[in-house]
Amino acid sequence: MSTAAVAFKKDAVRLSADLRHRALIQGALSKYELKRDEKQALFQDWQGARQLAAETKWEAVNHLDTYLDQFVRGLEARGTKVHWASTAQQARDIMVGICREKSARSIVKSKAMTAEEIHLNEALEHAGFDVVESDLGEFIVQLREEAPYHIVFPAMHLTRGEIKDVFERKLHDAPSDSPEELTMVARRVLRQKYVQADVGITGANFAVAETGMVSVTENEGNARLTAALPKTMITLLGIEKIVPRLEDLALFLPMLATVGAGQLISGYNTMYGGPRQPGEADGPEEFHVVLLDNNRTAILADAEQRDSLHCIRCGACLNVCPIYRNVGGHTYGTTYPGPIGSVITPNLRGLQEWKHLSYSSSLCGACTEACPVKIDLAHHLLQNRRNASRQKPSFLQRMAFKLFAPLATKPWLWSLLVTKGGRFGQIFHGLVKGTRLDPAYVWTKTRDLPPIARQSFKEWWKERK
Amino acid sequence: MTVTLFIPCFVDLLYPQVGIAMVKILEKLGHKVECPDSPACCGQPAFNTGYWDESRDVAVKLLEQLKDAEVVVIASGSCGAMMKVFYPDLFAGTPHHALARQVSGRCFEFSQFLVDQLGVTDLGAQFPHRVTFHDGCHSLREMRIHAAPRRLMQRVQGLELIEMKQTVCCGFGGTFSAKFPMISTAMGEVKCGLALDTSAEYVVSCDSSCLMHIQGLIDRQKKPLKTIHLAEILAQS
Amino acid sequence: MSERENILARVKEALTVAAPLPGSHHGAHAEPASLPTQEDHRRVLPLVGESFEERVALFAKNSDELRSDFKLLIDQSELVAALNKLRAAEGWTRVASHKGSLTDAACQALGLPVLLTDAGFDKTELEKCPVGISECDALVAQTGSVLVTSRSAGGRALSVLPPHHVVLARRGQLVPGLPEAFALVKQKYGADYPSMISFITGPSRTGDIERILVLGAHGPKKLTILCF
Ligand code: SF4
């Protein structure tokens, strides 16, 4: 097993038995579920909307070269500087370089999973910059020095008490544990940061090819402020974020909000097409857009799983995933947890190292059903398993299946070894059942096994004939 | 009509009564039932683990056996999904692809077959109990079976159906339950919790494998709940 | 080769193999002939009534749920009265705003010192203003959103930095849904887009602590929409 797999198993064992964690997550998500269902029901045709969204993303991703070109030309026409990064390292270097050139002291950042993906904060801090996360949830996990637990709700795993504790420790300011007061503490602290910051960094949810704009979705107004006050603005996004036309957002914005957070539409949806233009009151003097590949083109090259680039990072698949809900976001050890993470991480970061994520699924398909852009998530897990064992088969497993084939296809062997042999084995099973000597221990540790029937169906059928 | 019944391994060994109930119901409806002697497996375990070549070794035998079947009724939604939905994927690019597509078009899960193919909903069964229904994930999301079992239950005298608040996986997932037993168990506990919340006496399903998982937890944790396959209920009169 | 060329070359190479069409696993779908039209979008999105009254009612209902303060007023004199009431209630001593026919009239009626953002401003001063008063491009019934741009609403900061954002709108600015709002943006600015286009939907909000709604996370704690 890879080191990542060992860590995953260890944390999964601990958290799936942690009833407090289970109750916390189920509780947090049950509020979301009510709102999501209510908003989804307002759509005249939700399934139709999914199909349109999937077709739109399909068009964008399958003509990515054309649309990227159009997107970039639009941005450049209005004075935006566009950078291309093949790797995470290149993206970090570009962004550190911009901050150096601007002699920035402080940087304010709004939530961006892509920045998590390239470990941007570490790089900026290492280069001597002061970086503060402005999204409340991100701000909280940054104070706790941990990764976001969820791609939409970063601090979902924390209670107000835990948040009060970290505010006390790090900000020396936590009047009470009321969410209202804690939020106001963060507001006070961060307001100063916006006004002082030299550089503002955002992510993007969509890149509009037609008009050369990035679209940023948020609820708090922190990205709006990040894009309004600092003199330099940088937006980092993956090349797959493209939608062809501005009006495509009329479909995507409400869908994202509906399944992402149970809202009709998020608090702020903002399209940025350039730095401050002549005649405008404010806005950054410079606008940089960094386009990141970081193995996205490798996924693009896999036609079977190309649709995983349709992802709009709404988090819906995480929310419905029984694995995610039981092991929690940190257990994955990846930037993108949950079903989408289990699909793309092995393809972004190494199949053998990360294939355990594709195996840790009952293939229930709740993710596929939830995905607003119809990514075939559950089937991609199967394909990852196939690719992994094709590339590097496990000798034991293959032998087991090889031996199973004649057993399953030869009735007399089946009857002798499985039916009769099973009954024989069962006589002794009682002696070791549920103990470590039990060959079925992985099952019987927590569950009972039914007995083999005194007369199997096949025996009954034969007798009857 | 001649119905070829496919009895998967766990029904054969652990729940023969489910298969027997299906035979009786189909015969009562006037159909001839055939039950090929082999294979005992559809090849799903190897398929789900990623060993598609080994899966085909098993599946190809089954395909050949079912080549001339008029219709194939499968005593499990999960094996049904394997044969109906995944065989065409499994055999894509092999000489058996056309046959796989042909056979998969004639495959039906038991309740689906009764309602959608035969148009039967009332079997004159009686089952005076409060029940809740577990949708096996493969039945629900691969086979798209939702209404059929419910319509059948509606016509069972005395049966009261109370739906669970959420539609979630029972945590079985085949080899998943052995590879990640703790996650699987946690999922099963959530499922049992939802079922217990309905105050039903029985969890009913079209998937014996899910019921095996649920029953295994119930027995270990001594919960006041029983499991039963839909076919067993339908055969009661 | 530049990274731009490298990436585009990889993209082109990858796309030489065709991908399965969306939704093809469960029953084949034909390749979409064209992108969805506005009609297609309207057909699937939440329903919005035909008449002005239905649309106002929907906007009001959404505002209520969002905790925006939406007032439909009869005329300019009611607008002035509503502003003066807010001023008294919140003790405004000055306001921030921008040049515009609605805002000019409003500021004049209020008679308070005004920080105008149009020609550049000191952000610390703007931060201290108790209210930002702006115009907008549209109100969206379907979502309860206010559409603003950096050109129509005094730049980027005015609508998010002060703790209270007051939006002035005319009845004719109410559009049914997002498809119409985007069409309006295209038609109005298509030749030369402002650098920022923003749909503001309710006051700033967060649910990041135990999924409990708190208003005023970073942006305005209050959003007032005065429409006449
Ligand atoms: S895979 Fe689909 S459901 Fe999951 S985050 Fe992406 S878009 Fe949302």
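Note that the coordinates shown come from a computational prediction; the quantities given were computed from them, not determined experimentally.

(A) Geometry of the site of the ligand. Near the ligand there are 13 residues, and of these A:Cys311, A:Cys314, A:Gly315, A:Cys317 and A:Cys371 occur at the shortest range. Here the residues of the shell around the ligand are counted per class, giving 11 nonpolar, 1 polar and 1 charged.

(B) Expanded view of the domain arrangement of chain A. Along its sequence, chain A is carved into domain 1 (1–42 + 311–392), domain 2 (49–294) and domain 3 (405–463). Distance between the C-alpha centres of domain 2 of chain A and domain 3 of chain A: 56 Å.

(C) Structural context of the environment of A:Ser86. Position of A:Ser86 among the secondary structure elements: in the loop between strand E1 (81–85) and helix H5 (88–101). In this structure the side chain of A:Ser86 is engaged in a polar contact, spanning 2.3 Å, whose partner is the side chain of C:Glu3.

(D) Just helix H7 (residues 110–117) of chain B, in detail. Residue and element names in this part refer to chain B. The element H7 is extensively covered by neighbouring structure, given that 6 of its 8 residues are classed as buried. Those residues of H7 lying buried are Phe 110, Ser 111, Gln 112, Phe 113, Leu 114 and Val 115. Tucked into the core, H7 has its buried residues touching strand E1 (2–6), helix H2 (16–28), strand E3 (71–74), strand E4 (107–109), helix H9 (147–154) and helix H13 (230–234). Looking one or two places after H7, you find Gly 119, whose phi comes out positive at around 70°.

(E) Focus on the sheet that holds strand E2 (residues 106–109) of chain A. All names here are of chain A. The sheet built from 6 strands is open, its strands ordered E1-E10-E7-E4-E2-E3 with parallel pairing. Where the open sheet ends on each side, the last strands, each with one partner, are E1 and strand E3 (130–133). Averaged over all pairs of adjacent strands, the angle between strand axes in this sheet comes to 20°, irrespective of strand direction. As defined by bridge partners, E2 adjoins E3 across 4 bridges and the pair is classed as parallel. Residue pairing in the sheet places Ser 106 in a bridge with Asp 130 of E3.

(F) Region of interest: the domain arrangement of chain B. Residues and elements named next belong to chain B. Split by domain assignment, chain B resolves into domain 1 (2–117) and domain 2 (130–234). For domain 1 and domain 2, the distance between their C-alpha centres works out to 22 Å. Contacts between the two partners involve 27 residues from domain 1, matched on the other side by 21 residues from domain 2. Of the roughly 2,000 Å² buried between domain 1 and domain 2 on both sides combined, carbon and sulfur atoms contribute 70%. The largest share of the area that domain 1 buries against domain 2 comes from Tyr 15, Ser 111 and Val 115, three residues that together contribute 22% of it. Elements that contribute at least two residues to the side of domain 1 that touches domain 2 include exactly helix H1 (9–13), H2, helix H3 (44–49), helix H5 (77–90), E4 and H7. The leading source of residues in the side of domain 1 that touches domain 2 is H5, at 7 residues. Its residues assigned to classes, the side of domain 1 that touches domain 2 comprises 16 nonpolar, 9 polar and 2 charged.

(G) Structural context of the packing of aromatic side chains. What the rule picks out here adds up to 21 aromatic pairs over all chains. Relative to B:Phe180, the ring of A:Phe8 has its centre 6.0 Å away and its plane inclined at 85°; by these criteria the two rings are edge-to-face. Of the two residues, A:Phe8 is situated in helix H1 (residues 3–16) and B:Phe180 in the loop between helix H10 (176–179) and helix H11 (181–197); the pairing between them involves two chains. Just as A:Phe8 is buried, B:Phe180 falls in that class too. Geometrically, the ring pair formed by A:Phe139 and A:Phe167 is edge-to-face, given 6.1 Å between the ring centres and 75° between the ring planes.

(H) Focus on the packing of helix H16 (residues 338–349) of chain A against helix H17 (residues 351–359) of chain A. Residues and elements named next belong to chain A. Between H16 and H17, the least distance of the axes is 8 Å, while the angle of their chain directions is 175°. When the axis of H16 is compared with that of H17, the two are roughly antiparallel. Counting all contacts with H16, which are made through Gly 341, Ser 342, Thr 345, Pro 346 and Arg 349, the residues of H17 involved are Leu 351, Trp 354, Leu 357 and Ser 358. Classifying every residue of the contact of H16 with H17 gives 4 nonpolar, 4 polar and 1 charged.

(I) Molecular detail of the interface of chain C and chain A. Listed as interface residues are 84 residues of chain C and, on the opposing side, 107 residues of chain A. Taken over both partners, the interface formed by chain C and chain A buries close to 8,200 Å², and the fraction arising from carbon and sulfur atoms is 60%. When the buried surface of chain C facing chain A is broken down by residue, C:Arg156, C:Ile209 and C:His218 rank first, second and third, together holding 10% of it. Here chain C is connected to chain A by 7 salt bridges. Residue C:Arg4 is joined to A:Asp69 by a salt bridge in which the shortest nitrogen-to-oxygen separation is 2.8 Å. Counting every contact that joins chain C to chain A gives 51 residue pairs in polar contact (both at pLDDT 80 or more). Where the side of chain C that touches chain A is concerned, the elements lending two or more residues are helix H1 (3–14), helix H2 (38–44), helix H3 (52–66), helix H6 (123–128), helix H7 (178–189), strand E9 (196–200), strand E10 (205–206) and strand E11 (214–215) of chain C. Looking at which element gives the most residues to the side of chain C that touches chain A, the answer is H1(C), with 9 residues.

(J) Examining the nonpolar core more closely. In terms of nonpolar packing, the biggest core is built from 267 residues, with A:Phe167, A:Leu291, B:Leu5, B:Met83 and B:Tyr87 touching the most fellow members. Sort the elements by how many residues they give to this core and helix H12 (residues 249–261) of chain A lands first, with 9 residues. Sequence-distant contacts of A:Leu291, defined by excluding residues within four places in its chain, comprise A:Leu68, A:Phe71, A:Val72, A:Val82, A:His83, A:Trp84, A:Ala85, A:Leu237 and A:Ile239. By size, the runner-up hydrophobic cluster in this structure holds 24 residues, among which are A:Met95, A:Ile98, A:Leu124 and A:Leu292.

(K) Looking closely at the pattern of salt bridges. This structure, assessed with the given rule, holds 51 salt bridges over all chains. Across the salt bridge formed by A:Glu146 and A:Arg144, the nearest N and O atoms sit 2.9 Å from each other. For A:Glu146, a relative accessible area of 24% gives the class partly exposed. Judged by relative accessible area, which is 29%, A:Arg144 ranks as partly exposed. A salt bridge links C:Lys128 to C:Glu125; the nearest nitrogen and oxygen atoms lie 3.7 Å apart.

About the criteria used
Every chain begins its residue count from 1, and numbering advances along the sequence as written. Chains carry letters and ligands carry numbers; both start at the beginning, A for chains and 1 for ligands, and go up in the order they are written. In keeping with the predicted nature of the model, local features appear solely for residues at pLDDT of at least 70, side-chain atom pairs appear and are counted solely at 80 or more, and the whole-chain, interface and lining totals rest on all residues. Values reported for side chains reflect all heavy atoms of the structure, with hydrogen atoms and water molecules removed beforehand. Residue proximity to a molecule or strand is established when one non-hydrogen atom of the residue lies within 4 Å of it. For this classification, Asp, Glu, Lys and Arg are treated as charged, while Ala, Val, Leu, Ile, Met, Phe, Trp, Tyr, Cys and Pro are nonpolar and the rest, including Gly, are polar. Residue ranges for the domains trace back to a domain assignment, done automatically or taken from a database. Numbering of helices and strands starts at the N terminus; helices are DSSP runs of H or I of at least 4 residues and strands are runs of E of at least 2. Side-chain atoms alone can form a polar contact between residues adjacent in sequence; in general such a contact is a pair of N or O atoms within 3.5 Å, and within protein one must be able to donate a hydrogen while the other accepts it. To sort residues, take the accessible area from a 1.4 Å probe on protein chains only and compare it with the maximum for the residue type: under 20% means buried, over 50% means exposed, and anything in between is partly exposed. It only takes one pair of heavy atoms within 4.5 Å for two residues to be counted as in contact. Strands qualify as paired when DSSP identifies two bridges or more between them. Structural elements are reduced to axes, namely lines fitted to C-alpha atoms, with helices fitted over the stretch in contact, and the angle between N-to-C directions of any two is expressed from 0 to 180 degrees. We define buried area as the total accessible area lost by two parts upon association, computed with a 1.4 Å probe and summed across both. Centre distance within 6.5 Å is the pairing criterion for rings of Phe, Tyr and Trp, where only the six-membered ring of Trp is used; planes under 30 degrees apart are then read as stacked, over 60 as edge-to-face, and the remainder as tilted. Any angle between 65 and 115 degrees counts as roughly perpendicular, while under 35 counts as roughly parallel, over 145 as roughly antiparallel, and the rest as oblique. Here a salt bridge means any side-chain nitrogen of Lys or Arg lying within 4 Å of a carboxyl oxygen belonging to Asp or Glu. Among buried residues, the Ala, Val, Leu, Ile, Met, Phe, Trp, Tyr and Cys ones that are joined through side-chain atoms within 4.5 Å form a nonpolar core.

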